[in-house]
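The lines below spell out each chain.
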Amino acid sequence: MKVLNFGSLNIDYVYSLDHFVQKGETISSDRLNIFSGGKGLNQSIAMGRAGISTWHAGAIGPDGQFLLDLLEASGVNTEFVRRLEETRTGNAIIQKDKNGDNCIILYGGANQSITRKQVEETISHFGPGDCIVLQNEINEMPYIMEQAHKQGMTIVLNPSPMDGKIFEMPLSYVDYFILNEIEAGQILGRPGAKAGEGEELAAQLAEKFPGAKIVLTLGGEGSVYTDSSRLYRQSIYRTKTVDTTAAGDTFTGYFIAGILTGCSVEDSMDLAARAASITVSGEGAAPSIPDMKTVKERVFEEKE
Ligand code: RIB
């Protein structure tokens, strides 16, 4: 069994601020950090560091070689990443406030240069029993899902960041949705869904997509798993918040790693919650994602 993550690779420019900039305001940041990031890359790094055989597919420009070096150092195969000469690597402008929360502006760059030829060539190396992991930061998503479905791959979709392109995708092919409350509400046509409605949203998604398993992340409220027959709730492991960037990506990567290595849903959710908690306690996206040894050895206080 192999995992192919067809997804974004970003350079994250992280500006530390007291508060997020407001309309009409100019503020100075006293610290700029440049990190490896992108939801795709972060999830591949989480899976690689969790120890599962992971291939990353995507595209970078001439400025992105260090992203591939980091993926490879994390155990991820990068042979399906195209190196473009004239398009810069995707990037993210991230404001990080004093509470460790963030807001992000994305520039797609090479992430939006995926070709159908690349999709066909890449997916031809995978087949039934293999798994494809997808987010919403690259182009050609509907075509990728069509090709993966034809190859009999298990499809995991993290529909993030959420926008109208999600509705152009063949969502009925998805085997696992891993998403947050806001994304769930939008997919269900309930954009005003509020915190505290997690279980209801998860149940409604399971009804809308009866073939799919749903993992709904609820921030500080933990997460919920549901499928056609059961619902399971996972708490978070509380930690000092330094930077929440990539916590969701770590959760996604570790949940998939758990499931694909034969762990129960309960154990996979617990593993994912532990790993995400460690990510929250470190700075940056990819640099804060732990390896499996660190996750196993970390002693946490009681779950919330
Ligand atoms: O999920 C966090 C990621 O979102 C960042 O690394 C940034 O690149 C954006 O893609």
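Residues numbered from 1 in each chain as written. Predicted model: local features only at pLDDT ≥ 70, side-chain atom pairs only at ≥ 80, totals over all residues. Heavy atoms only, no water.

Caption draft 1: A look at the overall build of the protein chain. From N to C terminus, the protein chain includes nine helices and 13 strands. The globule rule puts the C-alpha radius of gyration for 304 residues at 19 Å, and the 18 Å found for the protein chain is close to it. Across its three principal axes, the protein chain shows a C-alpha extent of roughly 50 × 50 × 40 Å. Looking at the protein chain as a whole, 55% of its 304 residues qualify as buried. Of the contacts made within the protein chain by residues no fewer than 6 positions apart, 63% connect residues no fewer than 24 positions apart. Of the roughly 13,100 Å² of accessible surface on the protein chain, 49% is carried by carbon and sulfur atoms. Across the protein chain, 27 positive and 40 negative side-chain charges occur, with their mean positions spaced 0 Å apart. (Helix = DSSP H or I, 4+ residues; strand = E, 2+ residues; numbered from the N terminus. Rg over C-alpha atoms; globule rule 2.2 N^0.38 Å. Buried < 20%, exposed > 50% of the residue type's maximum accessible area, 1.4 Å probe, protein only. Contact = heavy atoms within 4.5 Å. Areas by Shrake-Rupley, 256 points an atom, 1.4 Å probe, with all protein chains shown as cover. Lys, Arg positive; Asp, Glu negative; His and termini not counted. Charge placed at Lys NZ, Arg CZ, Asp CG, Glu CD.)

Caption draft 2: Spatial organisation of the side chain of Ser36. Here Ser36 shows up in strand S3 (residues 31–37). Assessed through its relative accessible area of 8%, Ser36 is described here as buried. Leave out the neighbours within four places in its chain, and Ser36 touches Asn10, Asp12, Leu41, Asn42, Phe66, Leu67, Leu70, Ala285, Ala286 and Pro287.

Caption draft 3: Quick look at the site of the ligand. Neighbouring the ligand are 14 residues; Asp12, Gly38, Lys39, Glu137 and Asp249 lie closest to it. One of the side-chain N or O atoms of Asn10 is found 3.0 Å from an oxygen atom in the ligand. Interatomic distance of 2.6 Å between a side-chain N/O atom of Asp12 and an oxygen atom of the ligand. Isolated, the ligand exposes 280 Å² of accessible area, and the fraction of that covered by the protein chains is 96%. (Near = heavy atom within 4 Å. Polar contact = N/O pair within 3.5 Å; in protein donor to acceptor, adjacent residues only side chain to side chain.)

Caption draft 4: Geometry of the sheet that holds strand S8 (residues 131–134). Reading across the sheet, the nine strands line up as S5-S4-S1-S8-S9-S10-S11-S12-S13 and stay open at both edges, with mixed pairing between neighbours. Looking at strand neighbours, the two that pair on one side only are strand S5 (76–83) and strand S13 (231–234), the edges of this open sheet. Sheet twist, expressed as the average angle between the axes of neighbouring strands with direction ignored, equals 15°. Bridging between strand S1 (residues 3–6) and strand S4 (residues 54–60) involves four bridges; their strand directions are parallel. (Pairing = 2+ DSSP bridges. Axes fitted to C-alpha atoms, helices over the stretch in contact; angles between N-to-C directions.)

Caption draft 5: Quick peek at helix H8 (residues 265–280). Along its 16 residues, H8 runs 22 Å from first to last C-alpha, staying within 8% of the 22 Å computed at 1.5 Å per residue. In terms of burial, H8 is a largely internal element, 13 of the 16 residues being buried. (Expected span 1.5 Å × (residues − 1).)

Caption draft 6: View of the pairing of strand S2 (residues 10–16). In terms of burial, S2 is a largely internal element, six of the seven residues being buried. The sheet contact formed by S2 and S3 spans seven bridges and is antiparallel. Considered in S3, the bridge of Ile11 is made with Ser36. Judged from the seven bridges that link them, S2 and strand S6 (residues 90–96) form a sheet pairing that is parallel.

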